[in-house]
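Architecture at a glance
Residue-level listing of the chains:
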Amino acid sequence: MATRLQFENNCEVGVFSKLTNAYCLVAIGGSESFYSIFETELADVIPVVKTSIGGTRIIGRLCAGNKNGLLLPHNTTDQELQHLRNSLPDSVVVQRIEERLSALGNVIACNDHVALAHTDLDRETEELIADVLGVEVFRQTIAGNILVGSYCALSNRGGLVHPHTSIEDLDELSTLLQIPLVAGTVNRGSEVIAAGMTVNDWTAFCGSDTTATELSVIESVFKLREAQPSAIVDEMRKSLIDSYV
Amino acid sequence: MAPTAKRPRRKLVARPVTFSPFARSAAHIASAYMIKRQMIENKLHEFCQLTPNGECKCNDKRNIDETESDSDGESSEGVVQADFAFFDPKPDDFHGVKTLLQTFLDNKEWNLSGFVDLILEQTTVGTVAKLEDDDDDGLFSVVTALNLGRYKDHKCMKELEDYVLSVCHESNLVDQLRVLFSKKARDVGLLVSQRVVNLPAQLLPPLYDALFDEVSWAVEDEPTEQLRNSFRFKTYLIVTKIYMHKKANGKLGEKADSEEEPVIYVKAEDELFHELKNYVSMGLVMAVEADKIPTFRKQLRSLIDDEP
């Protein structure tokens, strides 16, 4: 189910929050209603952690993560790093990396299996992404934009990309990522998808300016309508038992 | 009686390229860069002329004597031309207007999108100022007048009313304000005027002229009797920001210099509104009688023309 909300009159929800299948990070300093909407939706399924990164509230754009790990930029303070290590589940590897392009949320787009990276990313960073996040990394552009993390939102079930992505690009990316992709907008025509929304396998949060059409596109491409957190867990359980046998 | 001057109409220039979504996006990026550059480079010495089809053309010429803020080291010989044009509000202007009105009610979380929608729907009264060429979507200023009675059922207007009444610290004035919002609402227009901070002041007289002319045209031209009456404003309500000296018990007092005047107006025209009697609060919310408007227009023109 997709929810619409605002952070202090600002519809760029993906800037102030980061949602994955294992945890959710929320910026401090917003009104309690922002935080409580996340809490209500995510309840006891995953922890909702209030944090800042480098003293700023734009945490969604500064960090990149999935259920396996979380990558933080070099300007994250030690207290923030410690706080995150304490609050997140033990299965999540929290790592601070030295990378010139420090807005990791803008340069990396990832789900639990694949990641798209900025073309100028360091080789070391690429290896770290593959290690910490447990994904396969592809250097790509989206509609000619190198900030892949800004112009697409990915989950394990689908992805939403910049509206001006050509059909060939869509097909190519879809093959790489192995998920269905759709070119669309969020927040009433905004092309910066990842800034306007944040998504995981069973829920999404969009800015309150998002129109009903955009919302229905989001719900259909990310397959949110039937999704329940327990369904995901059950699926995982089935596959685990299979492989054990 | 049809007005002799045409109200500002959009120029219909055939530009097939800009109809493609790609071009719009490219233009958006280019315009953001261009606007930023012009914001940095615009120095205020210009003329304004009203062209025959009701648009205002302002020519920006850099004052060659001003060398103080040449921070990027460019020679001050360059002349920066900026032609501003006024348009009716369109649904596409949503993001621009919303950005300008972000701090309209300080930090309160309210239905700003709904409020912007109201402004954009009212195409007969209301003006946005953009750059001349169609490629730009950058909005520099918005002015409009919304009838309180006509829109009072909208959630955003209710939130606005609650907020304005709650921040008013003087109890006697609160009652007057409340009356304005309820009984007299049909005759009260909310004057919304926001612009980018360093917009050339020479644009102001034509901008306000455009607004008040549209109001008077609407009184004659609107299709239904009810709509016509909704523009017969007796009072304008203005919500704005000022800097009030700390010692004068101001809420927004920022400057502590004792040589400073007691009140500093962020927008120059607010000072004129303030003097024209009948204001209701500490300079944050003002109710101005509609018949004082012609005086305001004259004063504004002379204020801007006299400024160096």
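This section reports on the structure supplied with the text. For clarity, every value in this text was computed on a predicted model and none was experimentally measured.

Rules behind the numbers
Residue positions within a chain follow its written sequence, with the count starting from 1. Lettering for chains starts from A, numbering for ligands starts from 1, and both go in the order in which the items are written. pLDDT decides what is reported in this predicted model: residues at 70 or higher carry local features, side-chain atom pairs at 80 or more are listed and counted, and totals for whole chains, interfaces and linings draw on all residues regardless. Note that water and hydrogens are dropped before the side-chain values are worked out from all heavy atoms of the structure. What counts as a ring pair is set by centres within 6.5 Å for rings of Phe, Tyr and Trp (its six-membered ring), and what kind of pair is set by the plane angle: stacked under 30 degrees, edge-to-face over 60, tilted for all other angles. Helix and strand definitions here come from DSSP, where helices need a minimum of 4 consecutive H or I residues and strands a minimum of 2 consecutive E residues; each element is numbered from the N-terminal end. Buried means the residue's accessible area, taken with a 1.4 Å probe over protein chains only, is under 20% of the maximum for its type, while exposed means over 50%, and partly exposed covers the values in between. A ring is scored as having a charge over it whenever the NZ atom of a lysine or the CZ atom of an arginine sits within 6 Å of its centre and within 35 degrees of its normal. Contacts: residue pairs with any heavy atoms within 4.5 Å of one another. A 1.4 Å probe defines the accessible area here, and the buried area is the portion of it lost by two parts on being joined, summed over both. The salt bridge definition used is simple: a Lys or Arg side-chain nitrogen within 4 Å of an Asp or Glu carboxyl oxygen. Whenever two N or O atoms come within 3.5 Å, that pair is a polar contact, provided that in protein one can donate a hydrogen and the other can accept it, and provided that, for residues adjacent in sequence, both atoms are side-chain atoms.

**Describing the packing of aromatic side chains**
- Within this structure, the stated rule accounts for 12 aromatic pairs over all chains.
- The interplanar angle of 70° and the centroid separation of 5.2 Å between the aromatic rings of Phe34(A) and Phe38(A) together place this pair among those described as edge-to-face. Placement of both Phe34(A) and Phe38(A) in helix H2 (residues 32-42) is noted, with a separation of 4 residues, approximately one turn of the helix.
- Residue classification places Phe34(A) among the buried residues on the basis of a relative accessible area of 1%.
- For Phe38(A), a relative accessible area of 0% translates into the label buried.
- With a centroid separation of 5.1 Å and 50° between ring planes, the pair formed by Trp110(B) and Phe115(B) is classed as tilted. The two residues Trp110(B) and Phe115(B) agree in class, both being buried.
- By way of ring pairs, the aromatic residues Phe7(A), Phe16(A), Phe34(A), Phe38(A) and Phe205(A) are connected into one cluster.
- Note that Lys50(A) overlies the ring of Tyr35(A), its terminal NZ or CZ placed 4.2 Å from the centroid.

**Looking at the interface of chain A and chain B**
- Between chain A and chain B, the residue contacts involve 11 residues of the former and 12 residues of the latter.
- Carbon and sulfur atoms supply 32% of the area that chain A and chain B bury against each other, a total of about 960 Å² over both sides.
- Contact with chain B buries area across many residues of chain A, yet Asn9(A), His164(A) and Arg188(A) alone supply 62% of it, more than any other trio.
- One can count 2 salt bridges joining chain A with chain B.
- For Lys98(B), the salt bridge goes to Asp209(A), with nearest N and O atoms at 2.7 Å.
- Our enumeration of links across chain A and chain B arrives at 7 residue pairs in polar contact (both at pLDDT 80 or more).

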